[in-house]
Amino acid sequence: MMDRVVVAVAVMASVWQEVSCSDPLLVDKNGMSLTFDGIGGLSGGGATSRLLVDYKEPQRSQILDYLFKPNFGASLQILKVEIGGDSQSTDGTESSHMHSADDLDYHRGYEWWLMVEAKKRNPDIKLYGLAWAYPGWVGNGSGSPFTYPKLTSSYIVKWLEGAKKVYDLDIDYIGIWNERSSSGKYVVTLREAINTAGFSKTLIVAKDGGADICNAMASDKAYANAVDIIGLHYPSDFSNFSLCHSFNKPFWASEESSSYDDANGAACWARVINSHWVLQQMTSSIMWNLVGSYYHGTNWYAESLMTAVEPWSGHYWVSPVIWATAHVTQFTQVGWKYLKNGAGSGQLPQGGYYATWVDPNGKDFTIVIVKIS
């Protein structure tokens, strides 16, 4: 299907205009639906941004501008990062802030630095942390971070505290365990722990994996109440997610992909952003990965928003995926509303999807059309 995607077109209007029923495309602000939560990129899973920190100036800042600077490049609205766990987690290993129970160091790794740089460029960007692995001591030798939920919750709270106290970063979203099992008891314990520590505004996304999270929530009310956002990875728009929708919680593609950083990848990414809304009412899509700064020969090389693998020369590649992203992010804001299907969003008769975002407090709106033929 990816090679059938032809073009994505973004239209921004600064003045709201009434569209009559006889027009081919109806845009009706009275059809405002769910809140748009943003388009994001993911650093981690793992070590995907490793070479970026080795770039010298001005190239390093140029790359960061293409990713985060508003109205410039990708203009990302969410940055999701790996909470390092001292374990190989796809393309490398990211260091934990706690190698042991009596060890604490908030200056390891580069995700702290990356979040600070993103916030410098866009103070409104949302931040999201997720563990791919946990140090062995967190499970007290059991092999599972859920055996001792208070211990694991304390480990995550320490990470949130470091973000705030050392880097003045407020973490908007926290996940559970990337593409692994989850635990209702742990999620409830985590919610209590982060509230007690003063992070009640940090929302829990679960479970960064499959839709089986919805079955677990259906059988455990406390678990369901502790989850703020349902986040799935690579969800099919043609699956039945009615159970997930029944919780009336935001529903995200909390990890998604464009395939590769070429024109086909850009077209695929544009399609996914629109189709996730039109077919499944997903209000956020986050791309793995943010920047391909990992060596040739590693897993999923160049499956990124852009590629920066030559710090020694300063060369980097601003891919078409950046500009496919910009069609949405440069003309919307988190907190805008989607228009429901039939009122500004829907499927094109000959293949494709269109979606409309509106400013609920003004007259601005944006339509993005992705044609498939």
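Whatever comes next refers back to the structure up there.
Residues numbered from 1 in each chain as written. Predicted model: local features only at pLDDT ≥ 70, side-chain atom pairs only at ≥ 80, totals over all residues. Heavy atoms only, no water.

**Looking at the overall build of the protein chain**
Phase 1: Scanning the protein chain from terminus to terminus reveals nine helices and 19 strands.
Phase 2: Taken over C-alpha atoms, the radius of gyration comes to 20 Å for the protein chain, in line with the 21 Å a tight globule of 373 residues would show.
Phase 3: Each principal axis of the C-alpha atoms in the protein chain carries an extent, and together these give about 70 × 55 × 35 Å.
Phase 4: Put simply, 69% of the contacts in the protein chain that link residues at least 6 apart link residues at least 24 apart.
Phase 5: When the accessible surface of the protein chain is split by element, carbon and sulfur atoms take 51% of a total near 15300 Å².
Phase 6: Across the protein chain, 28 positive and 37 negative side-chain charges occur, with their mean positions spaced 5 Å apart. (Helix = DSSP H or I, 4+ residues; strand = E, 2+ residues; numbered from the N terminus. Rg over C-alpha atoms; globule rule 2.2 N^0.38 Å. Contact = heavy atoms within 4.5 Å. Areas by Shrake-Rupley, 256 points an atom, 1.4 Å probe, with all protein chains shown as cover. Lys, Arg positive; Asp, Glu negative; His and termini not counted. Charge placed at Lys NZ, Arg CZ, Asp CG, Glu CD.)

**With respect to the pairing of strand S10 (residues 229-233)**
Phase 1: Most of S10 is tucked away, with five of its five residues classed as buried.
Phase 2: Alternating residues of S10 divide into Ile229, Gly231 and His233 and Ile230 and Leu232, and every residue in both groups is buried.
Phase 3: Summarising the sheet, strand S9 (residues 203-209) and S10 pair through four bridges and their orientation is parallel. Bridge pairing in S10 links Val205 to Ile229.
Phase 4: Bridge count for S10 against strand S11 (residues 251-256) is four bridges, and the pairing is parallel. Bridge assignment links Ile230 to a residue of S11, and that residue is Phe251. (Buried < 20%, exposed > 50% of the residue type's maximum accessible area, 1.4 Å probe, protein only. Pairing = 2+ DSSP bridges.)

**Considering the nonpolar core**
Phase 1: In terms of nonpolar packing, the biggest core is built from 84 residues, with Phe68 and Leu79 touching the most fellow members.
Phase 2: Non-local contacts of Leu79, meaning those with residues more than four positions away in its chain, are made with Gly41, Phe68, Leu114, Met115, Ala118, Ile125, Lys126, Leu127, Tyr128 and Leu290.
Phase 3: Ranked by size, the runner-up nonpolar core spans twelve residues in total, among them Leu130, Trp132, Trp288 and Tyr294. (Core = buried A, V, L, I, M, F, W, Y, C linked by side-chain atoms within 4.5 Å.)

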